[in-house]
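These are the residues of each chain, in order.
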Amino acid sequence: MFWAGIMGTELVGPFRGPEGVKMTSAKYVEFMTDHFLPWYRRKNYAFHNKIIFMHDNAPSHAAKNTSASMAVMGIKGEKVMVWPPSSPDLNPIENLWSILKQKIYEGGRQFTSKQQLWEAILTSCKQIQAETVQKLTSSMDARLVKLLSIRGPMLKC
């Protein structure tokens, strides 16, 4: 398991999760505290003021103790996007995963170990351009408008 985030035009991570550990809400909070929070705290006040945090609605992300812990970190209220479950086409990070998978497995590439795969993930993440991330995040408004206009459960992008 690995985690990455999009903040503005910046890719945060990736961070590798502990192998064989079920990602419960407590483990997710521990993971965020160890990996995301140090990065977030290095950012300036203006950055903190303008970001909106968007989980991917996994059960461990949406649990009450996760929300309480994130609030302690300063990520609460209007800083956390509320959005419907089972709506991956609304989350820019899901589109980023697709781009990363294409890069990682380009040309039918295969891996013989988890470490080889992890190294490919790191390399591919470093190749993601700020313009690519910007395109994914700036399309958010248009995707929301389209979803509302079709009154549907998903988009065909």
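The structure reproduced in this document is the subject of the present report. (Residues numbered from 1 in each chain as written. Predicted model: local features only at pLDDT ≥ 70, side-chain atom pairs only at ≥ 80, totals over all residues. Heavy atoms only, no water.)

1. Let's talk about the overall build of the protein
So, point 1. Secondary structure assignment for the protein yields 8 helices and 2 strands.
So, point 2. Each principal axis of the C-alpha atoms in the protein carries an extent, and together these give about 45 × 40 × 30 Å.
So, point 3. Across the 157 residues in the protein, those meeting the buried criterion constitute 35%.
So, point 4. Contacts in the protein between residues at least 24 apart in sequence constitute 66% of all its contacts with a sequence separation of at least 6.
So, point 5. Element-wise, carbon and sulfur atoms account for 56% of the exposed surface of the protein, whose accessible area totals about 10,000 Å².
So, point 6. Within the protein, the 12 negative side-chain charges are centred at a point lying 3 Å from the centre of the 20 positive side-chain charges. (Helix = DSSP H or I, 4+ residues; strand = E, 2+ residues; numbered from the N terminus. Buried < 20%, exposed > 50% of the residue type's maximum accessible area, 1.4 Å probe, protein only. Contact = heavy atoms within 4.5 Å. Areas by Shrake-Rupley, 256 points an atom, 1.4 Å probe, with all protein chains shown as cover. Lys, Arg positive; Asp, Glu negative; His and termini not counted. Charge placed at Lys NZ, Arg CZ, Asp CG, Glu CD.)

2. With respect to the nonpolar core
So, point 1. Grouped together as the largest cluster of nonpolar side chains are 18 residues, with contacts concentrated most on Trp3, Met7, Met32, Phe36, Tyr40 and Phe53.
So, point 2. Mapped by element, the contributors of at least two residues to this core are strand S1 (2-7), strand S2 (10-16) and helix H1 (25-41).
So, point 3. Among the elements that line this core, the one with the most residues is H1, at 8 residues.
So, point 4. With near-sequence residues (within four places) excluded, Phe53 lies in contact with Met7, Tyr28, Met32, Phe36, Met70, Ile75, Lys79, Val80 and Met81.
So, point 5. Ranked by size, the runner-up nonpolar core spans 16 residues in total, among them Ala4, Ile93, Ile121 and Cys125. (Core = buried A, V, L, I, M, F, W, Y, C linked by side-chain atoms within 4.5 Å.)

3. Focus on the packing of aromatic side chains
So, point 1. Enumeration over the complete set of coordinates arrives at 8 aromatic pairs.
So, point 2. Here the aromatic rings of Trp3 and Phe15 are separated by 6.0 Å at their centres, their planes lie at 20°, and the arrangement is stacked. Remark: Phe15 occurs in strand S2 and Trp3 occurs in strand S1; sequence separation between them is 12 residues.
So, point 3. Residue classification places Trp3 among the buried residues on the basis of a relative accessible area of 12%.
So, point 4. Under the relative-accessibility criterion, Phe15 is labelled buried at 18%. (Phe/Tyr/Trp six-rings, centres within 6.5 Å; stacked < 30°, edge-to-face > 60°.)

4. Let's talk about the packing of helix H7 (residues 130-138) against helix H8 (residues 140-150)
So, point 1. It is at 5 Å that the axes of H7 and H8 come closest, and there the two elements cross at 30°. In terms of their interaxial angle, H7 and H8 are classed as roughly parallel. Here H7 contributes Leu136, Thr137 and Ser138 to the contact with H8, which in turn contributes Met140, Asp141 and Arg143.
So, point 2. When its residues are assigned to classes, the contact of H7 with H8 shows 2 nonpolar, 2 polar and 2 charged. (Axes fitted to C-alpha atoms, helices over the stretch in contact; angles between N-to-C directions. Parallel < 35°, antiparallel > 145°, perpendicular 65-115°, else oblique. Nonpolar A, V, L, I, M, F, W, Y, C, P; charged D, E, K, R; others polar.)

5. Some thoughts on unusual backbone geometry
So, point 1. The step from Gly13 to Pro14 runs through a cis peptide bond, and the omega angle for that step is 10°.
So, point 2. Relative to the elements of secondary structure, Pro14 occurs in strand S2.

6. Notes on the side chain of Ser25
So, point 1. Tracing the backbone shows Ser25 in helix H1.
So, point 2. Excluding residues that lie within four positions of it along the chain, Ser25 makes contacts with Ser60, Ala63, Asn65 and Thr66.

7. Some details on the environment of Pro92
So, point 1. Within the element layout of this structure, Pro92 appears in helix H5 (residues 92-104).
So, point 2. Measuring from C-alpha to C-alpha, the distance between Pro92 and Ile6 comes to 8.0 Å, with 86 residues separating the pair along the chain.
So, point 3. Excluding residues within four positions of it along the chain, Pro92 makes contact with Ile6, Met54, Leu136, Thr137, Met140 and Arg143.

8. Comments concerning the side chain of Ser124
So, point 1. Positionally, Ser124 belongs in helix H6 (residues 114-127).
So, point 2. Other than its neighbours up to four places away in sequence, Ser124 contacts Leu100, Lys103 and Ile104.

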